Amino acid sequence: MKRKLLAILLAVATLTSVCAAGAAVSAAEPAPLVYQADGKLDGNETFAYELSQAQQVTGNALAVRLFVKNTYNDAFPLAVSFTADGKEYSWTEKSGTLTGIEYNAEGEPSQRTLQWREGGAVDVPYLFNGEVILPFSLLGDVQISEISALKMLFTCSANSQFASGDTWLADNVCLYFYGIDCVTVEEDGTLSETRTELADFTKTGTEGVTLSAASGQPVGQLRTATEEDMVVAEAFIAQYNASCETIGDVKLVESFDFGDEFAGIADGRTADELYRHFYLSGQESDYSLTAGEGEGNSLLSYNCDSLVYDAGRNSYAGVHFNFSKKDATDWSGAKGVTVYVENTADYLVSFAVEIFQFNTKTGLLEQYNLNDVANKYKTLYAYNVETGEEFSYHTQTFMRIPANFKGWIRIPFSQYAAPAWSLAPAYGNEGVLDFDANPVVKISLTRLFNVNLDATLLIDNIGLYYSDFGVGNLFDDSVPSIRQCLEEGTVA
């Protein structure tokens, strides 16, 4: 027998960039409400919707169901609360396990467990495309008869409420709100297509909605989405489901350009989306996406400008990105990391390629780099594409790039380790890279500012290599050289 219970559906989508004004959405494509924030958020901002008439409910079986398209450049923290019978309720990390229903490019659903962040927000994964289900049963033994309002607290990952210390230099986010529905919940917990409309923001716009900030006036503004906004959102999802390109035995996880998914979108908008795919922290370093010889259509130009260097601060600077393709998060079977880099200086410079593994068992993001107290000296391998020279060399903490070098660096996974500070109980890092069990979701390119002043690095393809190799076949011709791997190898 069916139990007719109520649930609330709230549709949300997020974009990486400022959503510029453009053509109105066609009649066939309902225009959602967009929350747009450009620059640095001063504090958490709250989207609140007051129901025009209190919705009657039975018992405590109501569920809040959120449809989320997350194309923001990080996992998105979302805190949800509601007002019922004059009292406000909210779900937190103490509530229990949450279920997400994710849809692939063909619209096929699959369940996944979602994680909580410190501070009581559910972590909506990067480029998650699906539903978050927040059942009343997780709130304990509460009896609710009617619901009159719904609130969502949103912030970028940079905000210090969800991260210890705020070192990110910019926040940019767009949230898409479609509406709120009452839907029927079956006895087995599934939600039917039968629903009663409570709010349709594609028709009402901002009516009944208030926007507030924890400190001062909201940075964000509410407006109606344009047709271009919707096209870009779909392009992000299409790109996420596309396979990574390969070069010989290398699978590219970041090529610093967009693929065919963004063809037809205005050049200026595409360039802006690509630029905002990356984000900075630490000292105010400078980056740009520029055309160049490199190995692809564009590359990352990364500079430590002495004019903005603050000697009174930590010398660290970093540019970070999450993967734009789901295939890039699968590192199983790979032997190590490789990167194409050009050092434009006539002296040695350095940077680090730090990787972040999402531990599916603990729900924590774990950091790995070359900063290993137990093994200070790391062995890297290089192939200079101009001279044809291949060689190995030792380094410490950061990857050192020879003067005027232009070519590929390979770092075996055996050289990576969890930094000592991250092994403290407060961080929960297990210190074990396990790519069969855990995805890698983020890469940070970091530099020490004071030793790299005014030194520009040109960084192109970052990838994974899958073959055993030697350097130049000088001592062992039983395995191919790096050049042979790139020209003749294959990704297993």
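Residues numbered from 1 in each chain as written. Predicted model: local features only at pLDDT ≥ 70, side-chain atom pairs only at ≥ 80, totals over all residues. Heavy atoms only, no water.

Participant: Which residues make up the overall build of the protein chain, and what are the values?
Facilitator: Each helix and strand counted, the protein chain has four helices and 30 strands in total. Within the protein chain, the proportion of its 492 residues that are buried is 54%. In the protein chain, the proportion of contacts linking residues at least 24 apart, taken out of those at least 6 apart, comes to 78%. Approximately 21,200 Å² of the protein chain is accessible, and the part contributed by carbon and sulfur atoms is 48%. (Helix = DSSP H or I, 4+ residues; strand = E, 2+ residues; numbered from the N terminus. Buried < 20%, exposed > 50% of the residue type's maximum accessible area, 1.4 Å probe, protein only. Contact = heavy atoms within 4.5 Å. Areas by Shrake-Rupley, 256 points an atom, 1.4 Å probe, with all protein chains shown as cover.)

Participant: Give a detailed account of helix α2 (residues 227–240), specifying residues and quantitative values.
Facilitator: Taking 1.5 Å of rise per residue, 14 residues should cover 20 Å, and α2 covers 20 Å from first to last C-alpha, within 8% of that figure. Along α2, the residues that are buried comprise Asp229, Met230, Val232, Ala233, Ala235, Phe236, Ile237, Gln239 and Tyr240. (Expected span 1.5 Å × (residues − 1).)

Participant: Could you give an account of the packing of aromatic side chains, naming the residues involved and the relevant values?
Facilitator: Taken as a whole and judged by the stated rule, the model has 20 aromatic pairs. Consider the rings of Phe256 and Phe278, whose centres lie 5.6 Å apart with planes at 15°: the pair is stacked. On the criterion of sequence distance, the pair formed by Phe256 in the loop between β17 (250–254) and α3 (267–275) and Phe278 in strand β18 (residues 278–282) is long-range, its members being 22 residues apart. Neither Phe256 nor Phe278 differs from the other in exposure class; each is buried. With a centroid separation of 5.4 Å and an interplanar angle of 85°, the aromatic rings of Tyr465 and Phe469 are classed as edge-to-face. The exposure classification of Tyr465 matches that of Phe469, with both residues buried. (Phe/Tyr/Trp six-rings, centres within 6.5 Å; stacked < 30°, edge-to-face > 60°.)

Participant: I'd like to hear about the pairing of β17, residue by residue, with values.
Facilitator: Taken residue by residue, a regular strand's side chains alternate between the two faces of the sheet. Taken across its five residues, β17 has five buried, putting it largely inside the fold. Relative to β17, strand β16 (residues 246–247) runs antiparallel, the two being bridged by two bridges. If you follow Thr246 over to β17, its bridge partner there is Lys251. Taking the residues between adjacent antiparallel strands as the criterion, β16 and β17 are bridged by two residues, where Gly248 takes a positive phi near 60°. (Pairing = 2+ DSSP bridges.)

Participant: For the pattern of salt bridges, give the residues involved together with the corresponding values.
Facilitator: Using the criterion set out here, one finds eleven salt bridges in the structure. Asp200 is the partner of Lys203 in a salt bridge, and the nearest nitrogen-oxygen pair spans 3.9 Å. By relative accessible area, Lys203 is classed as exposed at 65%. Judged by its relative accessible area of 14%, Asp200 falls in the buried class. Salt-bridge contacts for Arg269 lead to Glu228; the nearest nitrogen and oxygen are separated by 3.1 Å. Linking Arg269 in helix α3 with Glu228 in helix α2, this pair joins segments that are 41 residues apart in sequence. Of the residues examined, Arg269 reaches a relative accessible area of 5% and is grouped as buried. (Salt bridge = Lys/Arg side-chain N within 4 Å of Asp/Glu carboxyl O.)

Participant: Account for the side chain of His320, with residues named and values stated.
Facilitator: Here His320 shows up in strand β21 (residues 316–322). At a separation of 2.6 Å, a polar atom in the side chain of His320 contacts the side chain of Ser281. A distance of 3.5 Å separates a polar atom in the side chain of His320 from a polar atom in the side chain of Tyr316. (Polar contact = N/O pair within 3.5 Å; in protein donor to acceptor, adjacent residues only side chain to side chain.)

Participant: Got a sec to walk through the nonpolar core? Specific residues and values, please.
Facilitator: Among the nonpolar cores identified, the biggest contains 56 residues, and Trp331, Phe351, Met399, Ile409, Ile443 and Ile459 are the most heavily contacted of them. Residues Ala84, Val122, Val132 and Val209 belong to the second largest nonpolar core, which totals 31 residues. (Core = buried A, V, L, I, M, F, W, Y, C linked by side-chain atoms within 4.5 Å.)

Participant: Tell me about unusual backbone geometry, and name the residues and values.
Facilitator: One non-glycine residue with positive phi stands out, namely Phe256, at about 65°. Even without being a glycine, Thr397 presents a positive backbone phi close to 65°. Mapped onto the elements, Thr397 comes out in the loop between β26 (390–395) and β27 (399–401). Given a relative accessible area of 28%, Thr397 falls into the partly exposed group.

Participant: Account for the pairing of strand β24 (residues 364–368), with residues named and values stated.
Facilitator: Of the strand pairs in this sheet, strand β23 (residues 349–359) and β24 are connected by five bridges, and their pairing is antiparallel. Bridging across to β24, Phe356 finds its partner in Gln367. Between β23 and β24, which pair antiparallel and follow one another directly, the connecting turn spans four residues, one of which, Gly363, has a positive phi of 75°.

Participant: Let's hear about α3: which residues, and what values?
Facilitator: If you check which residues of α3 are buried, you get Arg269, Thr270, Glu273 and Leu274. Considered in projection along α3, the buried side chains sweep an arc of 135° and stay on one side of the axis. Every exposed residue of α3 that faces more than 90 degrees away from the buried side is listed here: Asp267 and Gly268. (Arc of directions from axis to C-beta.)

Participant: Outline the environment of Val339, supporting the account with residue identities and numerical values.
Facilitator: Following the sequence through the fold, Val339 ends up in strand β22 (residues 336–343). Given the relative accessible area of 1%, Val339 is considered buried. Through-space distance from the C-alpha of Val339 to that of Ala382 is 9.7 Å; in sequence the pair is 43 residues apart. Sequence-distant contacts of Val339, that is, excluding residues within four places in its chain, are made with Phe351, Val353, Met399, Gly407, Trp408, Ile409, Ile459, Asn461 and Ile462.

Participant: Provide a residue-level description of the confidence of the model for the protein chain, including the pertinent values.
Facilitator: Of all residues in the protein chain, 74% attain a pLDDT of 70 or more, and the chain-wide mean is 78. Contacts of residues 157–166 to residues separated by more than four positions or lying in other chains number 26 contacts, the stretch itself having pLDDT below 50. (pLDDT = per-residue confidence, 0-100.)

Participant: Just give me the short version of the environment of Lys203, but keep the residues and values in it.
Facilitator: Examined against the element boundaries, Lys203 turns out to sit in helix α1 (residues 201–204). Along the primary structure Lys203 and Pro30 are separated by 173 residues, whereas in three dimensions their C-alpha atoms are 8.1 Å apart.

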